[in-house]
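Descriptive analysis of the structure
Each chain, letter by letter, is given below.
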Amino acid sequence: GFFNSLKWDCTTAQGSLTSDTGFSVEQRLEGFDVQSIKKGSSSAEKLTLAFWVRSNKTGTYICELVDNDNTRHCSKSYTISSADTWEKKVINFPADTSGAMDNDNAVSLDLRWYLGAGSNATGGTQATTWESFTQANAIPSNHVNLADSTSNDWAITGVQLEVGEFD
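Below is a short write-up of the structure. (Residues numbered from 1 in each chain as written. Predicted model: local features only at pLDDT ≥ 70, side-chain atom pairs only at ≥ 80, totals over all residues. Heavy atoms only, no water.)

1. As for the nonpolar core
Ranked by internal contacts, the top residues of the largest apolar core, which has 29 residues, are Phe51, Tyr78, Trp113 and Trp154. Sorting the residues of this core by element identifies strand E2 (22-30), strand E3 (47-55), strand E4 (59-67), strand E5 (72-80), strand E6 (87-93), strand E7 (107-117) and strand E9 (153-163) as the ones contributing at least two each. Setting aside anything within four residues of it in sequence, one finds Tyr78 in contact with Phe51, Val53, Gly59, Thr60, Tyr61, Ile62, Cys63, Lys89, Ile91, Trp113 and Trp154. Counting 6 residues, the second-largest nonpolar core is a separate cluster that includes Ile62, Tyr114, Ala117 and Ala121. (Core = buried A, V, L, I, M, F, W, Y, C linked by side-chain atoms within 4.5 Å. Buried < 20%, exposed > 50% of the residue type's maximum accessible area, 1.4 Å probe, protein only. Helix = DSSP H or I, 4+ residues; strand = E, 2+ residues; numbered from the N terminus. Contact = heavy atoms within 4.5 Å.)

2. Observations concerning the side chain of His143
Assignment of secondary structure puts His143 in the loop between strand E8 (131-132) and E9. For His143, a relative accessible area of 16% puts it in the buried group. Once residues within four sequence positions are removed from consideration, His143 is found in contact with Thr60, Ile62, Gly116, Ala117 and Thr122.

3. Details of unusual backbone geometry
The bulk of non-glycine residues show a negative phi, and the bulk of peptide bonds are trans. Positive phi values are uncommon outside glycine, yet Thr71 reaches one of about 50°. Along the chain, Thr71 turns up in the loop between E4 and E5. Given the relative accessible area of 48%, Thr71 is considered partly exposed.

4. Describing the sheet that holds E6
Pairing between the strands of a sheet is mediated by backbone hydrogen bonds and can be parallel or antiparallel. Overall, antiparallel pairing links the 4 strands, which are arranged E1-E9-E3-E6 in an open sheet. Two strands in the sheet have a free side with no partner beyond their single neighbour: strand E1 (6-9) and E6. Along the sheet, successive strands turn relative to each other by an average axial angle of 25°, direction set aside. Taken together, the 4 bridges between E1 and E9 define a ladder with antiparallel strand orientation. In the strand pairing of E9, Lys7 is matched with Ala155. (Pairing = 2+ DSSP bridges. Axes fitted to C-alpha atoms, helices over the stretch in contact; angles between N-to-C directions.)

5. Quick notes on the pattern of salt bridges
All told, the structure shown has 14 salt bridges when counted by the stated rule. A salt bridge links Glu26 to Arg28; the nearest nitrogen and oxygen atoms lie 2.6 Å apart. Its relative accessible area of 53% is what places Arg28 among the exposed residues. Note that Asp96 is salt-bridged to Arg72, the shortest N-O span being 2.8 Å. Here Asp96, found in the loop between E6 and E7, pairs with Arg72, found in strand E5; they are 24 residues apart in sequence, far enough to count as distant. Here Asp96 falls in the buried class, since its relative accessible area comes to 6%. Among the residues examined, Arg72 registers a relative accessible area of 13% and is labelled buried. (Salt bridge = Lys/Arg side-chain N within 4 Å of Asp/Glu carboxyl O.)

6. Some thoughts on the pairing of E4
In terms of residue burial, E4 counts as a mostly covered element, since 8 of its 9 residues are buried. Two strands pair when backbone bridges link them, and E4 and E5 are joined in this way by 9 bridges, in the antiparallel orientation. Paired with Tyr61 across the two strands is Tyr78, which belongs to E5. The hairpin formed by E4 and E5 contains 4 residues between the paired strands, and Thr71 there has a positive phi angle of roughly 50°. Here E4 runs beside E7; their pairing, made up of 6 bridges, is antiparallel. Directly across from Leu65, in E7, lies its bridge partner Leu111.

Given below as structure tokens:
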């Protein structure tokens, strides 16, 4: 097991999020750390994200990868099926042959776990393959809003982002 986790706890309820409201847990990766992805080349690699998550609120949640150097993104859904139970999630992201990431210490890749978002992020069609960044295509409209009750919480541990595809 893991000894530590990151926990988000709702302390002020907001049942209806305004259109420009959104919140996520985010990991930022600098260009030096993502060169093995070979993004933007004909030999670009798929990525697999694995993590353990728990929440009292079941439903559909979203993870998104954002390529800051080329203004591209890809988001995938995962489901928390059992309340207050640690569940392992494995999400595969496709390779992207468009736009290499800079080889520097600036943020090149953002990994986001969305916990709620208003209509500006949910008004389009979810970008499940790499595409030019459009905020409305980040999250499907059926996503969970963890801000709708002060009894809501969400926790994550054991995060692993790997080059390649596995289950």
